[in-house]
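# Results of the structural survey
Below are the chains, spelled out letter by letter.
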Amino acid sequence: MTIRRLDVLLSRPRGSLWGRLMLFLLAPLLVLSALSIVSDYRSNLAQSNEAYDHALTSSAVALAALIGVHHGELRVDLPPSAEAMLRIDPVDKVFFAVFDSGNRRIAGDVELENKASVDEGLNPDFHDDVIKGQNVRVVTYRARGSGGEAVIVVAETVHKREKAATQAATKTATADFLLVMATLLTVFFGVRLALAPLTGLSTSIAQRTPSDLRPLPDSGVPSEVRPLVGAINQLMGNLRSAHEAQQAFLTNAAHQLRTPIAGLQTQLELAAETLPAEARPRMERLRDAFRRLSHLTHQMLALARSSAEADLAHEFQRTDLQTLCEEAASEFLDAALAKNIDLGFETEKTEVQGSRWLLRELLANLIDNAIRYTQEGGHVTVRCGHKGAGIGYLEVEDNGAGIPAEKQAHIFDRFYRADSQQPGTGLGLSIVQEVTQRHSATITLDRPASGQGSKFCITFPKDPATG
Amino acid sequence: MRILVVEDDDTVASGLTEGLTGAGFTVDRVAAAEPGEAALAHTAYDLAVVDIGLPGMDGLELIRRLRRKGIAVPVLVLTARDAMEDRIAGLDLGADDYLTKPFLLPELLARVRALIRRSCSVASSELALGPLVLDMATHSARLGTAPLELTGREWDILEQLMLAAPKVVNKQKLVESLSHWDNELTPNAVEIYVSRLRTKLDNSVGDGKGISIRTVRGIGYRIDDNPAP
């Protein structure tokens with residue numbers, strides 16, 4: 001049963017390493033100290049036995065001196081005072097008896113009949129026995145005198161011996177107990193200290209974002225844990241290359257799709273011009289579907305390129321948000337005019353460190369959304385500037401319907417569309433969020449001061465170039 | 001106006017050819033950079049539409065070789081790889097403008113017209129946007145068949161807007177490029193000139209309708225020949 005439990009414990013993959021350490025240290029320590037207490041008790045008992053045995057022998061020898069020969073027979077001349085001396089003991093009861101060579105008791109207590117040791121090799125000879133249910137220590141002393149051999153038996157109960165041994169054992173047990181406790185405390189703190197690098201490691205893994213697949217640093221990691229870190233890093237590496245392969249595929253697929261879509265789109269536009277008037281509505285729908293298809297392809301590409309796996313470092317350069325805003329003005333003016341929306345800009349030269357292409361996508365998606373979700377005749381305002389030294393921001397505000405509070409939590413989810421009535425890929429704000437993250441910037445969504453519409457604001461990290 | 005299309009994808013190429021032909025251009029098409037280089041070396045084209053992702057020599061190399069030979073034909077680059085956009089836009093690779101696939105035909109035509117407008121204003125001293133024509137040599141303007149009377153400043157501003165179309169022109173840059181050391185221009189003055197230009201364009205008679213100067217709040221103006229909605 002116990003062995004099975006131990007097996008289970010040893011092979012159990014879960015459970016705390018800590019608990020196992022404590023168990024495997026505590027259990028043997030307790031067994032060892034129990035063994036030590038028993039052995040101490042026994043050795044103390046032997047020691048006190050030796051001392052008390054000596055006293056017992058003295059009594060026997062003293063008795064032997066009182067044996068005389070009277071009419072050819074052995075006699076013990078024991079005055080009552082001497083007997084009292086012999087029997088006086090505050091703790092133990094003392095028995096004595098003297099037997100002649102014929103094993104006749106010539107003096108002493110009847111309880112000792114047949115208690116003499118039969119082994120004649122040792123003199124005096126000691127053994128343990130029981131009298132009236134009490135443990136006794138018995139000494140057998142054979143005295144050879146002129147009247148022949150006398151056998152003197154003296155016995156006493158073992159209370160004081162046991163008491164002495166128990167006292168000594170208690171002392172050592174206390175010491176043992178303190179030692180065990182001290183060991184456990186040392187182990188407790190020692191193990192904690194020794195496992196501290198593991199705790200640090202697990203904290204650093206736990207704090208990672210799902211997309212953070214960088215290898216763990218193996219410096220400062222104990223050598224025993226290094227293989228584990230190595231294995232985790234190998235796994236991270238595999239995951240990373242799988243992600244990269246996926247991103248590369250997505251990027252490549254989106255690129256490959258572009259040329260055939262371009263071909264289809266131009267052919268379609270040309271076909272539309274030659275078709276009779278009754279085919280126009282169908283053609284319009286087709287053209288619309290193609291526009292959405294090419295937009296979606298572009299959005300997926302933007303998403304793939306702004307993903308955490310994409311290698312962007314070489315694209316980062318000083319980028320002026322004001323220039324991007326001006327370019328966006330040319331790009332979105334027609335869309336704004338089509339809805340009679342007043343597209344305005346409040347910009348100043350704002351340089352940030354970033355990828356031009358991605359920042360252009362970010363701005364394009366924000367403006368596209370603003371125009372899409374703002375009613376005819378509304379206003380869309382794009383701003384860029386500084387929120388303090390070196391902290392650039394980019395802001396797109398509209399006075400459209402706004403996004404209901406309960407839907408705001410989902411707007412950055414891929415393919416989520418807050419307003420299912422409006423056409424859209426549902427990827428725009430995901431791209432905005434990804435690009436924001438790639439630039440270590442933050443995005444906020446507020447109500448404009450007018451109380452109507454939406455205001456998205458991207459705040460960039462402090463530009464180190466401005467000091 | 002003669003345009004060379006260098007594009008290996010047949011569907012795109014035939015669409016481009018047909019679309020450009022329909023817009024009144026004469027179009028030749030080749031499917032690779034090498035014959036494209038030869039054609040551009042021997043024939044005086046007004047514009048080349050060049051796809052970057054060509055088999056063999058790529059479009060950028062073709063442009064580099066043209067420029068090295070001193071062939072200054074305006075080039076509109078088509079690309080399916082947006083990674084190229086920044087290189088084309090940011091670096092001086094010799095391309096004059098670029099479009100990312102897929103594109104809309106009207107967008108392509110607008111870019112083509114803008115490029116030709118700019119290069120022709122240098123070559124033939126005539127700058128045209130739809131029915132609006134500025135004759136640089138005689139310093140006279142006409143809208144359709146009707147002459148358009150312009151002051152010096154109005155002319156300057158209209159020229160800048162027409163050269164940039166369909167892009168928005170920054171008002172501050174207008175002020176800077178049109179200010180002379182003895183004749184400062186202020187943003188307010190630009191607004192007044194633009195409003196006068198609008199009145200003149202709107203009041204013109206005949207087939208000259210449809211030229212609009214749009215205001216982009218906070219940036220500037222854009223001229224186009226789409227009738228106002």
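This text goes with the structure placed above it.
Worth saying up front: this structure is predicted, and the values here are computed from it rather than measured.

Rules used throughout
Residue positions are counted from 1 within each chain, in the order its sequence is given. Following the order in which they are written, the chains are lettered starting with A and the ligands numbered starting with 1. With pLDDT at 70 or above as the cut-off, local features in this predicted model cover only qualifying residues; side-chain atom pairs require 80 or more to be listed or tallied, and sums for whole chains, interfaces and linings still use all residues. Secondary structure follows DSSP: runs of H or I at least 4 residues long count as helices, runs of E at least 2 residues long count as strands, and numbering of each begins at the N terminus. Labels follow a simple rule on C-beta atoms placed from the backbone: if 20 or more others lie within 10 Å of a residue's own, it is buried; if 12 or fewer, it is exposed; otherwise it is partly exposed. What counts as a contact is two residues whose backbone-derived C-beta atoms lie within 7 Å of each other. We define a nonpolar core as a collection of buried residues of the types Ala, Val, Leu, Ile, Met, Phe, Trp, Tyr and Cys that are connected via C-beta atoms lying within 7 Å of each other. Only when DSSP finds a minimum of two bridges between them are two strands counted as paired. Interaxial angle, 0 to 180 degrees, is taken between N-to-C directions of lines fitted to C-alpha atoms, where a helix line uses only the stretch in contact. With respect to orientation, any angle under 35 degrees is reported as roughly parallel, any angle over 145 as roughly antiparallel, any angle of 65 to 115 as roughly perpendicular, and every other angle as oblique. Two helices that cross are described as forming a left-handed crossing if the nearer one is turned anticlockwise from the farther one by less than a right angle, and a right-handed crossing if clockwise. Amino acids are sorted into nonpolar (Ala, Val, Leu, Ile, Met, Phe, Trp, Tyr, Cys and Pro), charged (Asp, Glu, Lys and Arg) and polar (every other residue, Gly among them). Seen with its strands pointing away from the viewer, a crossover is right-handed if its path from the first strand over the helix to the second goes clockwise. Helix span, expected: 1.5 Å multiplied by one less than the number of residues in the helix.

### With respect to the overall build of chain A
Within chain A, the regular secondary structure consists of ten helices and 14 strands. Here chain A, with 467 residues, has 30% of them falling under the buried criterion. Long-range contacts, defined as pairs at least 24 residues apart, comprise 65% of the intrachain contacts of chain A with a sequence gap of at least 6.

### Quick word on the interface of chain A and chain B
The interface is formed by 29 residues belonging to chain A together with 28 residues belonging to chain B. Of all the secondary-structure elements, those providing two or more residues to the side of chain A that touches chain B are helix 5 (226-274), helix 6 (280-306), helix 7 (321-338), strand 9 (342-347) and helix 8 (356-372) of chain A. Broken down by element, the side of chain A that touches chain B gets its largest block of residues, twelve residues, from helix 5 of chain A.

### With respect to unusual backbone geometry
In this structure, Pro102(B) follows Lys101(B) across a cis peptide bond, with omega equal to -10°. Take Pro102(B): it is sitting in the loop between strand 5 (97-100) and helix 5 (105-123). Here the amide bond leading from Ala165(B) into Pro166(B) is cis, since omega sits at 10°, within 30 degrees of zero. Relative to the assigned elements, Pro166(B) resides in the loop between helix 6 (152-164) and strand 10 (169-170). In this model, Lys132(A) sits at a positive phi of 50°, which is unusual for a non-glycine residue. You can see Lys132(A) is positioned in the loop between strand 5 (125-131) and strand 6 (134-145). One non-glycine residue with positive phi stands out, namely Ser440(A), at about 50°. Turning to its location among the elements, Ser440(A) is positioned in the loop between helix 10 (428-438) and strand 13 (442-446). Residue Ser440(A) is classed as exposed on the basis of its 10 C-beta neighbours within 10 Å.

### Some details on the nonpolar core
Residues Ile367(A), Val6(B) and Val49(B) are the most contacted members of the largest nonpolar core, which totals 106 residues. Looking at this core element by element, the count peaks at ten residues for helix 8 of chain A. Leave out the neighbours within four places in its chain, and Ile367(A) touches Ala328(A), Phe332(A), Val380(A), Val382(A) and Val396(A). Phe99(A), Val138(A), Tyr141(A) and Ala155(A) belong to the second largest nonpolar core, which has 26 residues in total.

### A closer look at the pairing of strand 3 (residues 94-99) of chain A
All names here are of chain A. With five of its six residues buried, strand 3 lies for the most part within the structure. Here six bridges tie strand 3 to strand 7 (residues 148-157), and the two strands are oriented antiparallel to one another. Across the sheet, residue Val98 finds its bridge partner in strand 7, namely Ile152. Looking at chain direction, strand 3 and strand 4 (residues 105-108) are connected through three bridges and run antiparallel. In the strand pairing of strand 4, Ala97 is matched with Gly108. The loop that links strand 3 with its antiparallel partner strand 4 comprises five residues; one of these, Asn103, has a positive phi angle of about 65°.

### Section: the packing of helix 7 of chain A against helix 8 of chain A
All names here are of chain A. Two numbers describe how helix 7 lies on helix 8: the axes approach to 10 Å, and their chain directions differ by 30°. Judged by the inter-axis angle, helix 7 sits roughly parallel to helix 8. Crossing handedness for the pair helix 7 and helix 8: right-handed. Along its contact with helix 7, which presents Leu324, Glu327, Ala328, Glu331, Phe332, Ala335 and Ala336, the element helix 8 presents Leu359, Arg360, Leu363, Ala364, Ile367 and Ile371. Of the residues in the contact of helix 7 with helix 8, the class split is ten nonpolar, no polar and three charged.

### Considerations on the pairing of strand 3 (residues 47-51) of chain B
Residues and elements named next belong to chain B. Counting buried positions over the five residues of strand 3 gives five, a clear majority of the element. Neither face of strand 3 is open: one carries Leu47, Val49 and Asp51, the other Ala48 and Val50, and all of them are buried. Where strand 1 (residues 2-6) lies against strand 3, four bridges are found, and the strand directions are parallel. Considered in strand 3, the bridge of Val6 is made with Val50. Handedness of the β-α-β unit built from strand 3, helix 3 (residues 59-68) and strand 4 (residues 75-79) comes out right-handed.

### Here we look at helix 6 of chain A
All names here are of chain A. With 27 residues, helix 6 extends 38 Å between its outermost C-alpha atoms, agreeing within 8% with the 39 Å of an ideal straight helix rising 1.5 Å per residue. Along helix 6, the positions that sit buried rather than exposed are Ser294, Thr297, His298, Gln299, Leu301, Ala302, Leu303, Ala304, Arg305 and Ser306. Those residues of helix 6 that are buried lie in contact with helix 5, helix 8 and helix 10.

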